Amino acid sequence: MPGSILQNNGVIVKQIDDIKGRGVFAGKNFQENDVLFRETPIVCAQFLWNGSYHYSACEFCMRSLETADKMAQRLSGNSSLVLPHPECCEVNQLQHTRCPQCQVAYCSSECQDKARGAYHEVLCMGQSPPSPKHPLTILQDAWKSMHYPPESASITLIAKMIASIKQSRNKDDTIAQFNQFCQVPVNSEKQLAHKLLGEKFQGQLDILQGLLTNALFESCIETWFTADGLRRVFALIGMNGQGIGTSSLSVYVHNCDALNIPDDEREQLDSFIDQLYIDMEKESGSFLNCEGSGLYSLQSCCNHSCVANAEVRFNDGNSTLTVVALRDIEEGQEICINYLDECTRESSRHSRQKFLRENYLFECDCDKCKDQCDDPDKTSSEEEEEDEDGMEEDAS
């Protein structure tokens, strides 16, 4: 089954206590920018709407399949756009393959073989386009009718989890891989499922339960196909899932940054890329990547801090995850990442705590939160409204 630690440069997992559970700790001294570990997901999946909007990604590793040129043309709305330095694009479409039956795309025969060996024999729908009456097609269409962008979860991830168990030669070991993740208290499962599925989550859960049962029932995990069991799986993903973003264009830009070129050419190239991102944002908004989520064994043990000493990166252009030190870390120090998105990280303590309570079920006690403990209990939006009201009063 997929999911392996590709590189561990000296981190260890320890049990902290019954409240925080496990944590990842430095087994030696690390310096800023050191790679702490790299790993592949046990399972990952692209969001369904993301794939429907022509963000083409490898079905197994989520590597972007478009050339940088094609991606830039699509996202900017400029079909005649030609990127300079084509050698900086790493996409090799000659290596791309497809399932001969359902035509699902892969970046390489290696990924195709891994998918077939892990879950695709169960999930292959046998033809392209798939029959609208196929149980998996019905399941996917129902999900898309319930869960619109921006997406935070994927029924495909759960389908792959189930298919991995169905196809496994040792089902107990495969189930154990999923059971290793942080389990959500029963009284909190409803809250997390609500966050992932939206306002009508209970009715949606009942529909999804029936469709999943019809498409993928497996007796050794029959509890997953009950309302409570499916809610528990969604809650597990909500607590442990890691967002994934890949882009052939981002890889291209990274390689352009590394070019050894004259200063005047560098200035022209940087200006071109800056304008390209402005054009893409106007045309496509902030959705510039192939997006999905995955479950990672070691990364899921990393606890949160608003002043994290490490961060998750996707340096390989696919779902392989790299955790890098943001500053020097001493042996024995806990390695923490930031669970918040870029916008929320800069918000008030109250807003950060509210987000973490609702999405991860804990109160943060990091140094930043302790330093701001006397701040007003207002969300950042409330503070902005007060600032706007004050400006209006000053103007009058």
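Described in the following lines is the structure provided in the data block. (Residues numbered from 1 in each chain as written. Predicted model: local features only at pLDDT ≥ 70, side-chain atom pairs only at ≥ 80, totals over all residues. Heavy atoms only, no water.)

Attention now moves to the packing of aromatic side chains. The way to describe two aromatic rings as a pair is by their centre distance and the angle between their planes. Inspection of every chain in the model, using the stated rule, returns nine aromatic pairs. Ring plane angle 50° and centroid distance 6.5 Å describe the contact between Phe355 and Tyr360, whose orientation is recorded as tilted. Linked through ring pairs, Tyr339, Phe355, Tyr360 and Phe362 together constitute an aromatic cluster. Note that Lys14 overlies the ring of Phe25, its terminal NZ or CZ placed 5.3 Å from the centroid. The lysine or arginine in question, Arg74, covers the ring of Tyr55, its NZ or CZ lying 4.3 Å from the ring centre. (Phe/Tyr/Trp six-rings, centres within 6.5 Å; stacked < 30°, edge-to-face > 60°. Lys NZ or Arg CZ within 6 Å of the ring centre and 35° of its normal.)

We now examine the packing of helix H5 (residues 155–167) against helix H6 (residues 171–179). Across the interface, H5 lies against H6 with an axial gap of 8 Å and an inter-helix angle of 155°. Compared by their axis directions, H5 and H6 come out roughly antiparallel. Read as a crossing pair, H5 and H6 show a hand that is right-handed. The residues of H6 that touch H5, namely those facing Met161, Ser164, Ile165, Lys166 and Gln167, are Lys171, Thr174, Ile175 and Phe178. (Axes fitted to C-alpha atoms, helices over the stretch in contact; angles between N-to-C directions. Helix = DSSP H or I, 4+ residues; strand = E, 2+ residues; numbered from the N terminus. Parallel < 35°, antiparallel > 145°, perpendicular 65-115°, else oblique. Left-handed = near helix turned anticlockwise from the far one by under 90°. Contact = heavy atoms within 4.5 Å.)

The strands that make up a sheet pair up through hydrogen bonds in the backbone, lying either parallel or antiparallel. Here we have four strands laid out as an open sheet, ordered S1-S4-S12-S11, and antiparallel in their pairing. Each of the sheet's edge strands pairs with one partner strand only, and the pair in question is strand S1 (5–8) and strand S11 (310–313). The mean angle between the axes of side-by-side strands here comes to 15°, regardless of whether they run parallel or antiparallel. In this sheet, strand S4 (residues 35–39) lies alongside S1 in antiparallel orientation, the contact comprising three bridges. Residue Asn8 lies in a different strand from S4, and its bridge partner there is Phe37. (Pairing = 2+ DSSP bridges.)

Among the residues of H6, those classed as buried are Thr174, Ile175 and Phe178. Across the axial projection of H6, the buried residues extend over an arc of 100°, all falling on one side. Of the surrounding elements, those touching the buried residues of H6 are strand S5 (43–46), H5, helix H9 (227–240) and strand S9 (290–295). (Buried < 20%, exposed > 50% of the residue type's maximum accessible area, 1.4 Å probe, protein only. Arc of directions from axis to C-beta.)

Within the largest apolar cluster, 49 residues are counted, with the highest numbers of intra-cluster contacts made by Ile155, Ile158, Phe178, Leu212 and Trp224. Every element with two or more residues in this core is listed here: S5, strand S7 (105–106), helix H3 (109–123), helix H4 (135–146), H5, H6, helix H8 (201–216) and H9. Per element, the largest residue contribution to this core is eight residues, and it comes from H5. Excluding residues within four positions of it along the chain, Ile158 makes contact with Leu212, Leu230, Val233, Phe234 and Ile237. (Core = buried A, V, L, I, M, F, W, Y, C linked by side-chain atoms within 4.5 Å.)

Time to look at the pairing of S5. Burial along S5 is two-sided: the residues Val43 and Ala45 and Cys44 and Gln46 are all buried. Bridge count for S5 against S9 is four bridges, and the pairing is antiparallel. Bridged to Cys44 within S9 is Gly294.

Evaluated as defined, the whole model comprises 13 salt bridges. Between Glu66 and Arg74 there is a salt bridge; the shortest N-O distance is 2.6 Å. Its salt-bridge partner being Arg313, residue Glu311 comes within 2.7 Å of it at the nearest N-O pair. A relative accessible area of 27% places Arg313 in the partly exposed class. (Salt bridge = Lys/Arg side-chain N within 4 Å of Asp/Glu carboxyl O.)

Let's shift gears to the environment of Arg231. Looking at the element boundaries, Arg231 is found in helix H9. The spacing of Arg231 and Gln209 is 22 residues in sequence and 9.3 Å in space, taken between C-alpha atoms. A polar contact of 2.8 Å, which involves the side chain of Arg231, links it to the side chain of Asp228. (Polar contact = N/O pair within 3.5 Å; in protein donor to acceptor, adjacent residues only side chain to side chain.)

Inspection of the secondary structure assignment puts Asn255 in helix H10 (residues 248–257). Its relative accessible area of 18% is what places Asn255 among the buried residues. At 3.0 Å, the side chain of Asn255 and the backbone oxygen of Cys88 are in polar contact. A polar contact of 3.0 Å, which involves the side chain of Asn255, links it to the side chain of Glu90. Among all residues touching Asn255, those that are not within four sequence positions of it are Cys88 and Glu90.

An order of S5-S9-S8 is seen for the three strands of this open sheet, with the pairing classed as antiparallel. Bordering the open sheet on either side are S5 and strand S8 (242–246), each of which pairs with just one other strand. The mean inter-strand angle of the sheet, taken between neighbouring strand axes irrespective of direction, is 30°. Where S8 meets S9, five bridges bridge the pair, whose relative direction is antiparallel. Counted as the bridge partner of Ile244 is Gly292 from S9. Sitting on the sheet, H5 is in contact with S5 and S9, with an inclination near 145° to S5.

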